[in-house]
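Results of the structural survey
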Amino acid sequence: MARNKHPEETVNLILDVAFRLFMEKGYEYTSIQDIIDHLGGLSKGAIYHHFKSKEDILVAVTDRMTAESNKSLAVIRDRSDISGKEKLKMIFKESICRPVQDEIFAVAPNFSNNPKLLFSLLHDTMDEVAPNYILPIMKQGVSDGSIQTDYPEQLSELIILLVNVWMNPMIFDNSEEETYRKFMVFSQMMQGFGLDIVDEEMIERIQELTTIYRKNK
């Protein structure tokens, strides 16, 4: 029975079921009871032993989905054969184009209706992504001369806030056209810093992800 499984197996079972239901029904239309009903006898108490809420389950589902692909971002960050500017474009492109984003945008909720999830996104953006992925690249770029800024830490935070928050259709419910316009403003802003890191493939990809999100709302 599910209740006799080891804790890590129980967690994986919950996440497997939750992910499938989020994909089939959408996050907003999946309840904790729906998840329980598909767990083969696992109790509500057992779920709440591992997760405090449905929002916590979604965070764990997303973390598991991105854990492996994040390794590829670290590989780009740690390369020694390309400039900081080249790395910045490469890591930005990889983060948008990686296939796991299709699943993330398909199961994602409307963050404006989920303040706890929005706070989690902001925390991850400012405390994890900016200092651990973007800032090291920015500092290398300043050192090798490919990036010109006296404020690498603040520019790192600005870039990732624009990408993860302002341009995020899951927060502002942007249409494909609105996403395109924001992306073009972002591109022009980056060019002002001498960072031509946006290309046509990225623009098409972010519009594609917007379509996936809106289709599964």
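Please refer to the structure placed before this passage.
An account of the accompanying structure is given in this report. Quick caveat, the model's predicted, so the values are computed rather than measured.

Describing a nonpolar patch on the surface
The grouping of Leu158, Trp166, Phe172, Val185, Met189 and Phe193 at the surface amounts to a nonpolar patch, some 480 Å² of accessible area in total. Contributions of two or more residues to the nonpolar patch are made by α8 (152-166) and α10 (176-192). Examined against the element boundaries, Trp166 turns out to sit in helix α8. Since its relative accessible area comes to 31%, Trp166 is described here as partly exposed.

Some details on a negative patch on the surface
Taken together, Asp63, Asp124, Asp127 and Glu128 make up a surface patch of like negative charges. With 3 residues, the single largest contributor to the negative patch is helix α7 (residues 115-144). For Glu128, the location among the structural elements is in helix α7.

Looking at the packing of aromatic side chains
Any aromatic ring pair is given by two values, namely how distant the centres are and how the planes are angled relative to each other. All told, the structure shown has 4 aromatic pairs when counted by the stated rule. Note on Phe92 and Phe186: the rings are 5.5 Å apart at their centroids and 70 degrees apart in plane angle, and the pair reads as edge-to-face. Within this pair, whereas Phe92 is found in helix α5 (residues 84-97), its partner Phe186 is found in helix α10, the two being separated by 94 residues in sequence. Owing to a relative accessible area of 1%, Phe186 belongs among the buried residues under this scheme. Put simply, the rings of Phe92, Phe183 and Phe186 pair up and form one aromatic cluster.

Thoughts on the side chain of Asp199
With respect to the helices, strands and loops of the structure, Asp199 is situated in the loop between α10 and α11 (200-215). A residue is classified by how much of its surface remains accessible, and Asp199, at 18% relative accessible area, is buried. One polar contact links the side chain of Asp199 to the main-chain amide nitrogen of Met202, over a distance of 2.9 Å. Apart from residues no more than four positions distant in its own chain, Asp199 is found in contact with Lys89 and Lys93.

Observations regarding the environment of Asn132
Along the polypeptide, Asn132 turns up in helix α7. Here the alpha-carbon distance between Asn132 and Ala74, two residues 58 residues apart in the chain, equals 8.9 Å. Contacts of Asn132, omitting those with residues within four sequence positions, involve Arg77 and Asp127.

Observations concerning the packing of helix α6 (residues 100-107) against α11
When two helices pack together, their arrangement is given by the angle between the helix axes and the distance between those axes. Contact pair α6 / α11: the axes reach a minimum separation of 7 Å and the direction vectors enclose 35 degrees. Considering the relative orientation of α6 and α11, their crossing is right-handed. Contacts from Gln101, Asp102, Phe105 and Ala106 of α6 reach α11 at Arg205, Leu209, Ile212 and Tyr213. Class assignment for the residues of the contact of α6 with α11 results in 5 nonpolar, 1 polar and 2 charged.

Rules of the game
Counting restarts for each chain, with residues numbered from 1 along the sequence as it is written. In view of the model being predicted, local features appear only for residues whose pLDDT reaches at least 70, and side-chain atom pairs are presented and counted only at 80 or more, with totals across whole chains, interfaces and linings using the full set of residues. Each side-chain value is worked out from all heavy atoms of the structure, with water and hydrogens disregarded. Patches draw on residues past 30% relative accessible area with no salt bridge. Two like charges within 9 Å are joined, as are two nonpolar side chains (Val, Leu, Ile, Met, Phe, Trp, Tyr) within 5 Å. For accessible areas, the Shrake-Rupley method is used with a probe of radius 1.4 Å. Any residue's cover is judged against the shown protein chains and nothing else. Note on definitions: salt bridges are taken to be side-chain nitrogens of Lys or Arg within 4 Å of carboxyl oxygens of Asp or Glu. Where helices and strands are cited, they refer to DSSP runs of H or I of at least four residues and of E of at least two residues respectively, numbered from the N terminus. Exposure classes here rest on a 1.4 Å probe applied to the protein chains alone. A residue is buried below 20% of its type maximum, exposed above 50%, and partly exposed in between. By the counting scheme adopted, Arg and Lys are positive, Glu and Asp are negative, and His together with the chain ends is not counted. For this purpose, a charge sits on NZ of Lys, CZ of Arg, CG of Asp or CD of Glu. Ring pairs shown here join Phe, Tyr and Trp side chains whose ring centres sit within 6.5 Å, with only the six-membered ring taken for Trp; geometry is labelled stacked below 30 degrees between planes, edge-to-face above 60, and tilted in between. Identification of polar contacts relies on pairs of N or O atoms within 3.5 Å, with a donor-acceptor requirement for protein atoms, meaning one able to donate a hydrogen and the other able to accept it, and with residues adjacent in sequence counted only if both atoms are side-chain atoms. Whether two residues touch is decided by their heavy atoms; if any such pair falls within 4.5 Å, the residues are in contact. To get an axis, fit a line to the C-alpha atoms, keeping to the stretch in contact for a helix; angles then go from 0 to 180 degrees between the N-to-C directions. Crossing handedness is read from the near helix: turned anticlockwise from the far helix by less than a right angle, it gives a left-handed crossing, and turned clockwise, a right-handed one. Any residue outside Ala, Val, Leu, Ile, Met, Phe, Trp, Tyr, Cys, Pro, Asp, Glu, Lys and Arg is labelled polar, Gly included; the first ten of those are nonpolar and the last four are charged.

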